[in-house]
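Close look at the chain arrangement
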Amino acid sequence: MAANSPDQSLSFSPSPPQSPSLAAWLCRLFCLFALGLGFLFPVTHARADTAATVPQTTGLTQQDAQQLLNVLNDPQKREDFSKTLSLMAKGLPAATPKAAPAPAAAKPQADNAVIDSDVHSELDTLQSSIHGYLNNFTSLFKDLSIVGPWFKNEIRNPASRQTLIDAFSRALLIIGLALVLERATSIAMRKPLNSVTQHAENREKRLEASAESAAAADSSDAAAANDANTTQTRENDQRRGTEVLRYLVRVPYNALHFLIKLLPVGVCLLVGYLGAEFLTTTAQAHTVSLTLINAYAIARGLYLVVETTLAPRSYAICLIPASDETARLLTRWWNVLVAAPSIVICLSTLGSEFDLSPRGVDAMQRAVVLIQHLIIAAFIWRLRHIVARALQPSPNMRKNALWAFAGTLAHVWWVPVMFLDMALWFVWAAHLKGGYQWILRGTLLTFLCLVLSRVIALLAYGLQDKLFRISPTLEASYPGMQKRADFYYPFVRRIITIAIIFITAICLAQSWSIPSFRFFFSSALGERLIGAAICLLIGMTVAAVAWEVVNGLLEKQITRYTSSAQAARAARLRTVLPIIRTVLLAVIIIFVTVTTLSQIGINVTPLLTGAGILGVGLSFGSQSLVKDVITGFFMLAEDAIQVGDWVTTGGIAGIVEHLSIRTLRVRSVDGDLHIIPFSSVTSIANTARGFNQVIVHQTVDLTESSERVAKIMQDTVQEMRKEDAYKNIILSDYVDLGVDSSDGNGAVLVGSIKTAPMMKWKVQREFYRRIANRMAAQGVKFYTPTSYSTTPPGTPVHLAMDTMPPELLEKINQRAAQVQEEAKSSAPEAPPAAKEPPHA
């Protein structure tokens, strides 16, 4: 694109293409039509009839206008006309429309020519844009040469020199007076400033004392916690939440501190405005005074914002956790960085006031901004180690390879940031439309989004920690509730983290002009995704609340039964509790899944129908399984057996180790584990319910007194019931049931002893051990079977004892005599017989 003058070439600023209006297109076509008339008519005709041609080209006749209007109204003619003009603009031979029909082979060549012309047109446009941007960039160095001659002219001209001296001398005098009054006001405000600082420090000490006491209480509570990871996470969240709240509490003191420091700046600004109004005589002096005082006030206000936020000399007011050394470093550099905006304001206002050309003002502004960006680059270089240390992950996180790599990249963070800093200046210096504002706006909004997301995350984590701390009263009413809350704590924290990251990502995309808000909140797909996520979250919340409420009610009911001496009902409910939980969990999962799928847009009707058909098919194909489940449920609901009971079922006797909805597991005496399905259980003999009875069968000789033997057994049971080991497990005395049978094998005495559940074997063994000694001592005659052997006829019959060896027979006789002597010695002596009265 050729420029008509140097000024025009230097001020070239390409703009993004815009959609032209219909009037603009008509004007362009009209100009192109007028331009093409000279090419369409032969040159010889113009030479032959010059006098006639000149008046005809001065304007359009009515016929020409009608033909042009016909071409514009016909889409096909308008397209052919545009192609013809494009070919002419590229120096290609143009074929007149509606001439001799071109051969078929020439059509692709014309299309290729049109495509090549479009590509060349795009390349020319791009080249023109790049050329314009380069001209804008190089104009910075060219236009700075305008400033020198302008300044020389201003100094050499007596009138302009006098105007400059008068304006700046009065402005400096006014600013000096304003600065003196600002200093005086600042000294006068030291006392209230120190008072605010003292109040903030006292508040900080009270917060630290309360935080220490709360930390001590939390450490005592954490000692009883079961999950170390959950406890550590809660402690970190609480600590960070406390820090955020501490900084939020500082905001009023910080704001008051800032307003007190800003008051002298306001006095300075007021004095400057009054001086510019009453102490200036020319418009230039008035403008210079106001410009300089505004620039100083803006720079001073920006400095106070950062200085008050960091507060290097007052830890109780600062809002950013930084050391005093880092805070002083940042405030010193910020004091330098705020000078550039002030200078730009002065140049933009005073340049035109003293007849400096806009090109010179723009060049000086870009030079000042360049210096500003170089200072920022130096500032980034100065802070590279401090920021790198702050960006390093914790030692535990560095064990992960990804975080270790991120920590390595953190050492070179300054490289892309410095590149971004210089790229901003290049974008602004080249006058890229909206480029500087877009990058600067995106960077600032990104920083703001990250800071706000961090603050919101800490506040959300702190609020979660408070909500998940169960009060002692509620914990006493529902024991174990704190433990259940700790179980859900990491899951809720992950959900909060995902939500915050998602919202932050949307805001970051929107800050860089990516229409994320419109996608998620205006489009059908985005709204469906958000609705599905919210529906899933609500469903999970309702499911968790329902699960915990039902479990809490069941546990409370079990506790109520236990405390009210209804142990059987408590045991029954405790046995059925796993089945209730399983059914409830299945219902909750199905409900949440179906609701979420329907919210996403999936039709769940075929799914539910298929599940129903599958359930019917499974029920027919697994009748035994269904029978096991149904029988097991009623067995458990009726509290027929419990874990730990001694049962006899299915020909197996043993202790019940496990119960499920389908099987029971019995450990027999020999150690084998028998797994018995409930469908095979026809009857259950439970030894662990109510009481047991020891049935005593004692066989004695027919000549023995049954009353004496029963009395011995009764005395033995009464003696056992007086002992601590047996008094709680023997529930009754010996109950004599009489003689069960009496025949050649002796008399069988029957009795019973009532014992506690599962104690009959212990009592029975001890009972038989004791009566054996007692009956032997009392000489109870037991039935002794006698064997006979037959011999052939004529041979005498001998008893079995006749065949015993003499030594063994002698020992038996000695033992019998010894037992009789011991019985006589242990028997109570008979009272002396009463003497008969003498006969009369």
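Per chain, the residues get numbers from 1 upward, laid out in the order the sequence is written. Where totals are concerned, whole chains, interfaces and linings use all residues; where local detail is concerned, this predicted model gives features only for residues with pLDDT of at least 70, and gives and counts side-chain atom pairs only at 80 or more. Excluding hydrogens and water, the side-chain values take into account all heavy atoms of the structure.

Details of the overall build of the chain
Note the following rule: Strands here mean DSSP runs of E at least two residues long; helices mean DSSP runs of H or I at least four residues long; both are numbered from the N terminus. Per-residue accessibility, obtained with a 1.4 Å probe over protein chains only, is compared with the maximum for each type, and a residue is labelled buried under 20%, exposed over 50%, and partly exposed between these values. Per-residue and other accessible areas were derived by the Shrake-Rupley procedure at a 1.4 Å probe size, with only the shown protein chains allowed to occlude residues.
Counting secondary structure elements, the chain contains 29 helices and eight strands. Per-residue burial over the chain gives 28% buried out of 840 residues. Counting every atom, the chain has about 53,200 Å² of accessible surface; 65% of that belongs to carbon and sulfur.

With respect to the sheet that holds strand 6 (residues 692-700)
Heads up, the rule is: When DSSP finds two or more bridges between two strands, those strands count as paired. Between the N-to-C directions of two axes lies an angle of 0 to 180 degrees, each axis being a line fitted to C-alpha atoms and, for a helix, fitted only over the stretch in contact. Throughout, a residue-residue contact means that at least one pair of heavy atoms, one from each residue, lies within 4.5 Å.
Ordered in space as 6-8-7, the three strands form an open sheet in which the pairing is antiparallel. Strand pairing shows two members of the sheet lacking a second neighbour, strand 6 and strand 7 (735-743), which therefore form its edges. Recorded for the sheet is a direction-independent mean angle of 20° between the axes of neighbouring strands. Relative to strand 8 (residues 746-755), strand 6 runs antiparallel, the two being bridged by nine bridges. Bridge pairing in strand 8 places histidine 697 opposite valine 750. Helix-sheet contacts for helix 28 (residues 760-778) involve strand 6 and strand 8, and the interaxial angle to strand 6 is about 25°.

Some thoughts on the sheet that holds strand 4 (residues 673-677)
Strands sit in the order 4-3-2-1-5 across an open sheet of five strands; the sheet is antiparallel. The open sheet is flanked by strand 4 and strand 5 (685-686), the only strands paired with a single partner.

Structural notes on the environment of valine 415
Within the secondary structure layout, valine 415 lies in helix 18 (residues 414-429). Relative accessible area serves as the criterion here: at 42%, valine 415 is assigned to the partly exposed category. Taking the C-alpha atoms as reference points, valine 415 and arginine 384, separated by 31 residues in sequence, lie 9.4 Å from one another.

Considerations on the pairing of strand 2 (residues 652-659)
Where strand 1 (residues 646-649) lies against strand 2, four bridges are found, and the strand directions are antiparallel. Along strand 2, the bridge assignment pairs threonine 649 with isoleucine 652. Two successive antiparallel strands, strand 1 and strand 2, enclose a turn made up of two residues, where glycine 650 displays a positive phi of approximately 60°. Bridge count for strand 2 against strand 3 (residues 663-668) is five bridges, and the pairing is antiparallel. Bridge pairing in strand 3 places glycine 654 opposite serine 668.

Some thoughts on the pairing of strand 8
Most of strand 8 is tucked away, with nine of its 10 residues classed as buried. Relative to strand 8, strand 7 is paired through seven bridges, and the arrangement is antiparallel. If you follow serine 741 over to strand 8, its bridge partner there is valine 748. Counting the residues between successive antiparallel strands, the hairpin from strand 7 to strand 8 contains two residues.

Here we look at helix 23 (residues 524-563)
Note the threshold: By definition here, a helix of n residues has an expected span of 1.5 Å times n minus one. Distance and chemistry together define a polar contact, namely a pair of N or O atoms within 3.5 Å, with one atom able to donate a hydrogen and the other to accept it when in protein, and with adjacent residues in sequence counting only for side-chain atoms on both sides.
Between its terminal C-alpha atoms helix 23 stretches 57 Å, which fits the 58 Å expected from 40 residues at 1.5 Å a residue. Regarding helix 23, the residues found buried are Gly526, Ile530, Gly531, Ala532, Cys535, Gly539, Ala543, Trp547, Asn551, Leu554, Ile558 and Tyr561. Put simply, serine 523 is the residue that caps the front of helix 23, since its side-chain oxygen is 3.3 Å from the backbone nitrogen of glycine 526.

Description of the side chain of threonine 663
With respect to the helices, strands and loops of the structure, threonine 663 is situated in strand 3. In this view, threonine 663 contacts His658, Ile675, Ile676, Pro677 and Phe678; residues no more than four positions away in its chain are not counted.

Details of the pattern of salt bridges
The cut-off we apply is this: Only one rule defines a salt bridge in this text: a Lys or Arg side-chain nitrogen within 4 Å of an Asp or Glu carboxyl oxygen.
Counted under the stated rule, the structure contains 14 salt bridges. A salt bridge links arginine 708 to glutamate 704; the shortest N-O distance between them is 2.7 Å. A residue is classified by how much of its surface remains accessible, and glutamate 704, at 12% relative accessible area, is buried. A salt bridge links glutamate 719 to arginine 774; the nearest nitrogen and oxygen atoms lie 2.1 Å apart. With a gap of 55 residues between them, glutamate 719 in helix 27 (residues 706-721) and arginine 774 in helix 28 connect regions that are remote in the sequence.

Topic: the packing of helix 14 (residues 358-382) against helix 18
For the record, the criterion: Roughly parallel means an angle under 35 degrees; roughly antiparallel, over 145; roughly perpendicular, 65 to 115; everything else is oblique. Amino acids outside the nonpolar list (Ala, Val, Leu, Ile, Met, Phe, Trp, Tyr, Cys, Pro) and the charged list (Asp, Glu, Lys, Arg) are all regarded as polar, and Gly is one of them.
The N-to-C vectors of helix 14 and helix 18 enclose an angle of 180°; their axes lie 10 Å apart at closest approach. For the element pair helix 14 / helix 18, the angle class is roughly antiparallel. Seen from helix 14, the contacting residues are Gln365, Arg366, Val369, Leu370, His373, Leu374, Ile376, Ala377, Ile380 and Trp381; seen from helix 18, they are Trp414, Val417, Met418, Asp421, Met422, Leu424, Trp425, Trp428 and Ala429. Of the residues in the contact of helix 14 with helix 18, the class split is 15 nonpolar, two polar and two charged.

Topic: unusual backbone geometry
Even without being glycine, serine 513 reaches a positive phi, approximately 65°. By the secondary structure assignment, serine 513 is in the loop between helix 21 (481-511) and helix 22 (516-521). Even without being glycine, methionine 758 reaches a positive phi, approximately 65°. Of note, methionine 758 is situated in the loop between strand 8 and helix 28.

Section: the packing of helix 21 against helix 23
Any two packed helices are characterised by how steeply their axes cross, that is the angle between the axes, and by the distance between the axes. Axis separation between helix 21 and helix 23 bottoms out at 13 Å; the angle between their running directions is 170°. Of the possible angle classes, the one that applies to helix 21 and helix 23 is roughly antiparallel. On helix 23, the residues touching Arg484, Tyr488, Ile495 and Phe502 of helix 21 are Ile530, Leu537, Met540, Ala544, Trp547 and Glu548. Here the residues of the contact of helix 21 with helix 23 are counted per class, giving eight nonpolar, no polar and two charged.

Observations regarding the nonpolar core
Cut-off, in case you're wondering: Only buried residues count toward a nonpolar core, which is a set of Ala, Val, Leu, Ile, Met, Phe, Trp, Tyr and Cys residues joined through side-chain atoms within 4.5 Å.
Core analysis: the biggest nonpolar cluster contains 21 residues, and Met713, Ile730, Ile753 and Phe767 have the highest contact counts within it. Those elements giving two or more residues to this core turn out to be strand 6, helix 27, strand 8 and helix 28. Considering each element in turn, this core owes the most residues, five residues, to helix 27. Ignoring sequence-local partners within four residues, the contact set of isoleucine 753 consists of Asn692, Gln693, Val694, Val696, Val717, Ile730, Ser732, Asp733, Tyr734, Val763 and Phe767. Within the second largest apolar cluster, 15 residues are counted, among which are Ile175, Val288, Leu292 and Phe354.

Examining the state of the cysteines
For clarity, the cut-off: Pairs of cysteine sulfur atoms within 2.5 Å are what we label disulfides.
As enumerated under the stated definition, the model contains zero disulfides in all. The closest cysteine sulfur to the non-disulfide-bonded cysteine 449 is located on cysteine 507, 4.9 Å from its own sulfur. Owing to a relative accessible area of 18%, cysteine 449 belongs among the buried residues under this scheme. Its relative accessible area of 25% is what places cysteine 507 among the partly exposed residues.

Brief notes about the packing of aromatic side chains
This is how it is decided: Each aromatic pair joins two rings of Phe, Tyr and Trp (for Trp, the six-membered one) with centres within 6.5 Å, and gets the label stacked for planes under 30 degrees apart, edge-to-face for over 60, and tilted for any other angle. The rule is short: NZ of Lys or CZ of Arg within 6 Å of the ring centre and within 35 degrees of the ring normal puts a charge over the ring.
For the structure on display, the rule yields 11 aromatic pairs. On the basis of an interplanar angle of 45° and a centroid distance of 5.4 Å, the ring pair of tryptophan 333 and phenylalanine 379 is categorised as tilted. You can see tryptophan 333 sitting in helix 12 (residues 324-337) and its partner phenylalanine 379 sitting in helix 14, a full 46 residues away along the chain. You can call tryptophan 333 partly exposed: its relative accessible area is 22%. Residue class for phenylalanine 379 comes out buried when judged on its relative accessible area of 15%. Cluster of aromatic residues (ring-pair linked, three or more members): Phe487, Tyr488 and Phe491. A cation over an aromatic ring shows up here: arginine 384 above the ring of tryptophan 381, its NZ or CZ 3.6 Å from the ring centre.

Focus: the confidence of the model for the chain
Formally: What pLDDT reports is the predictor's confidence in each residue, on a scale of 0 through 100.
Here the chain averages 74 in pLDDT, while 70% of its residues score no lower than 70. Ignoring residues within four places in sequence, the model shows residues 222-226, a span with pLDDT below 50, making four contacts including any to other chains.

Focus on a nonpolar patch on the surface
Put simply, the test is: Only residues above 30% relative accessible area that lack a salt bridge enter a patch, with like-charged residues linked at up to 9 Å and the nonpolar side chains Val, Leu, Ile, Met, Phe, Trp and Tyr linked at up to 5 Å.
The grouping of Leu270, Leu274, Phe278 and Leu279 at the surface amounts to a nonpolar patch, some 430 Å² of accessible area in total. Relative to the assigned elements, leucine 274 resides in helix 10 (residues 228-278).

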